[in-house]
Amino acid sequence: MSETPIIAAREPARVELTEGETYFWCRCGRSQSQPFCDGSHKGTEFTPLRFTAEKTGLAFLCQCKASGKTPHCDGTHKTL
């Protein structure tokens with residue numbers, strides 16, 4: 001049986017990223033540090049998505065966990 005992620009929010013998280021830095025985006029929706037992983041997925045089938053920022057600056061990261069462009073928001077939250 002496949003688990004469904006929790007919708008952490010129905011809007012993207014506005015965050016500052018640093019080029020070359022590695023981040024771990026929460027896939028399960030349980031993290032209290034949204035949109036980033038805090039280890040709350042332990043005991044579930046979820047693992048965080050590791051990604052490296054391509055540039056320094058503002059980014060909008062998905063919190064609904066349904067984006068087709070994870071970890072970035074693609075507006076899918078508007079249809080949930």
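Residues numbered from 1 in each chain as written. Predicted model: local features only at pLDDT ≥ 70, side-chain atom pairs only at ≥ 80, totals over all residues. Heavy atoms only, no water.

**Quick word on the layout of surface pockets**
Empty space among the atoms becomes apparent when a probe as large as a water molecule is rolled across them. Quick reminder of the rule: For cavity detection a 1 Å grid was placed over the protein atoms alone, and a set of points counts as a cavity when a 1.4 Å probe fits there but cannot get out; an open set counts as a pocket when protein lies on both sides within 12 Å along at least five of seven lines, with lining residues being those that have an atom within 4 Å of a point. Grid points are joined across faces, edges and corners, and a volume is the space filled by probe spheres set on the points. Strands here are runs of E lasting at least two residues and helices are runs of H or I lasting at least four, both read from the DSSP assignment and numbered beginning at the N terminus. The residue classification treats Ala, Val, Leu, Ile, Met, Phe, Trp, Tyr, Cys and Pro as nonpolar and Asp, Glu, Lys and Arg as charged. All others, Gly included, are polar.
In this model, the largest pocket occupies a volume close to 220 Å³. Along the walls of the largest pocket sit Leu17, Phe51, Thr52, Ala53, Glu54, Lys55, Gly57, Leu58, Ala59, Phe60 and His72, which together make up its complete lining. Among the secondary structure elements, those contributing two or more residues to the lining of the largest pocket are β3 (49-52) and β4 (57-61). Grouping the constituent residues of the lining of the largest pocket by class yields six nonpolar, three polar and two charged.

**Let's talk about the pattern of salt bridges**
Inclusion rule: For salt bridges, the criterion is a side-chain nitrogen of Lys or Arg within 4 Å of an Asp or Glu carboxyl oxygen. With a 1.4 Å probe rolled over the protein chains alone, any residue whose accessible area is under 20% of its type maximum counts as buried; one over 50% counts as exposed, and the rest are partly exposed.
Enumeration according to the criterion identifies one salt bridge in this entry. Arg30 serves as the salt-bridge partner of Glu3, at 4.0 Å between the closest nitrogen and oxygen. Pair noted here: Glu3 is in the segment before β1 (13-17) and Arg30 is in the loop between β2 (22-25) and β3, with a separation of 27 residues, a long-range link. Taking relative accessible area as the criterion, Glu3 reaches 30% and is therefore assigned partly exposed.

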